[in-house]
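# Structure assessment
These are the residues of each chain, in order.
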Amino acid sequence: MVTDISEIVLNSRQYFLNGNTLDLSVRRDALTRLENEIRLREKDIENALYADLGKSAGEAFLTELYLVYNEISLFKRRIKRWSKKRRVIPSLANFPGIGEIHAQPYGTVLIISPWNYPFQLCMMPLIAAIGAGNNVILKPSSYSENTSRVIAEIIEKVFEPEYVKVILGGRNEISQLLNEKFDYIFFTGSMEVGKTVMKAAAEHLTPVSLELGGKSPVIVDETAEIPLAAKRIIWGKLLNAGQTCVAPDYILAHYSIFDELVEEMKKNIHLFFGDEPTKNAEYPKIINVKHFNRLKDLMEEGKGDMDVIEGGYFDDDTLKVAPTIIEEPELDTDIMSNEIFGPLLPILSYDKLETALSFITTWHTPLALYLFTSSSKTKKEVLKRVRFGGGCINDTVVHVSEDRLPFGGMGSSGMGKYHGQSGFDTFTHYKSVLKKATWMDVELRYPSYSKKAKLCKKILGK
């Protein structure tokens, strides 16, 4: 198998070096063929997402297919503009001449995608890499095996294997891939695996993007519109049963609105999924037994140290975990120490904004932050003080759907950006070229310098 993967990488690299991916017409055509095949296989994709994660057709479209269609459309419209050579007027020191910035693809790219949004988080970086002129080796998750299989079938139908190749399998295949040299690596997943990817990339001095996660907080202050805040928090938290890297991880609520917020959140859980969410066909399941048991352990470990005020039960047959609200958990419990990645939602109270900000800033840098407030002063203070990847004011999660906004983390939540032009930029090296005229040659640049120093300073203004 090692030989096969080495040969695949070698063939892909030669395909790129032969210039097969560079023309804009080739990139547009590839994206069009990809879109057409996805539309033909839309029902298969929906069925696979349901089999893997219990996603309804509506949720599959809104959170996976729609974003992919939108990204393809944007790239087809804009890659000519984004790829265009840019001219720069150089400084006096380089007169006569002209500067140019050329958008150049990195080459052969490795994309490793996760299981929680297995279609969208595979296709979005793929679209950006192709649009920027690269060729790709794609490694979807083995956990979402049904969706990964459909992805492999789509890619095989649309692309020559040297242009885009899917590698199925698990840790063994990832390990073999990371032993190879790529021109760029794009990884979405956990912090621990991200460290492994970065170490492997360092061996070859390969640039990387790491889209990770973390504990994304929600602040709800005393000026917030509580019914709307509760509705949007619960919606964002329960998308994909909480298996979302930007899902609200915990809430810091001002003590004066704490009880009202809790009651409104309970109300919306029942409004969205009924009195027994684990029996609702539209409520997603946990990806596998391993993660299902992890969530059960989070609850077990905290018993006696936290008050479950909604939910708290599990269905072992369907791998569904009820939407669960946990009031004032102890800070040293696992549920407050680790990213939850499930439908468990701790809520804590605070008295002053400074207390909430100090609490957040002592943790790792979150991937997302959500603030519900009507106070302009609070908005400014939070945005100034807290470092985070991206987020929303008076909403949750929807910032990731805006193709005009770069998406990515910072610090422990990741590095690198994508979506829209940011994705094009990520998979592009901007090559600088200075073109000098030959009709004039300034003698000041040549030795000896002792007699020219004063004149150089005078001319260059230094």
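Quick note: structure is the one above.
To start, this report covers the structure provided alongside it. (Residues numbered from 1 in each chain as written. Predicted model: local features only at pLDDT ≥ 70, side-chain atom pairs only at ≥ 80, totals over all residues. Heavy atoms only, no water.)

Attention shifts here to the packing of helix H4 (residues 57-83) against helix H5 (residues 120-131). Taken N-terminus to C-terminus, the directions of H4 and H5 make an angle of 5 degrees; their axes are 9 Å apart at the nearest point. By the criterion of interaxial angle, the relationship of H4 to H5 is roughly parallel. Contact residues: Thr63, Glu64, Leu67, Val68, Glu71, Ile72, Phe75 and Ile79 in H4; Gln120, Met123, Met124, Ile127, Ala128 and Gly131 in H5. (Axes fitted to C-alpha atoms, helices over the stretch in contact; angles between N-to-C directions. Helix = DSSP H or I, 4+ residues; strand = E, 2+ residues; numbered from the N terminus. Parallel < 35°, antiparallel > 145°, perpendicular 65-115°, else oblique. Contact = heavy atoms within 4.5 Å.)

Grouped together as the largest cluster of nonpolar side chains are 114 residues, with contacts concentrated most on Leu34 and Ile38. Here this core gets 10 residues from one element, more than from any other, and that element is H4. The residues contacting Leu34, other than those within four sequence positions of it, are Ile72, Met123, Leu126, Ile127, Ile154, Ile155, Val158 and Phe159. The next biggest cluster of nonpolar side chains, apart from the first, holds 17 residues, and it includes Phe182, Phe187, Ala200 and Leu212. (Core = buried A, V, L, I, M, F, W, Y, C linked by side-chain atoms within 4.5 Å. Buried < 20%, exposed > 50% of the residue type's maximum accessible area, 1.4 Å probe, protein only.)

It is worth spelling out the sheet that holds strand S5 (residues 164-166) at this point. Strand order in this open sheet of six strands is S5-S4-S3-S6-S7-S17, and the pairing throughout is mixed. Every other strand in the sheet has two partners, leaving S5 and strand S17 (414-415) as the edge strands with one partner each. When strand S3 (residues 108-112) meets strand S4 (residues 135-139), the two strands line up parallel, connected through five bridges. When the sheet's bridge partners are listed, Thr108 is paired in S4 with Asn135. On top of the sheet, H5 reaches S3, S4, S5 and strand S6 (184-188); it is set at about 170 degrees to S4, its chief contact. (Pairing = 2+ DSSP bridges.)

Overall, mixed pairing links the seven strands, which are arranged S10-S13-S14-S9-S8-S15-S16 in an open sheet. Looking along the sheet, the strands with just one partner apiece sit at the ends: strand S10 (307-310) and strand S16 (390-393). Strand-to-strand twist of the sheet, defined as the mean angle between neighbouring strand axes without regard to direction, takes the value 25 degrees. Pairing of S10 with strand S13 (residues 324-327) involves three bridges; the strand directions are antiparallel. Paired with Glu310 across the bridge in S13 is Ile325. Relative to strand S14 (residues 344-350), helix H9 (residues 226-238) is tilted by about 145 degrees, and along the sheet it contacts strand S8 (217-220), strand S9 (250-254), S14 and strand S15 (368-372).

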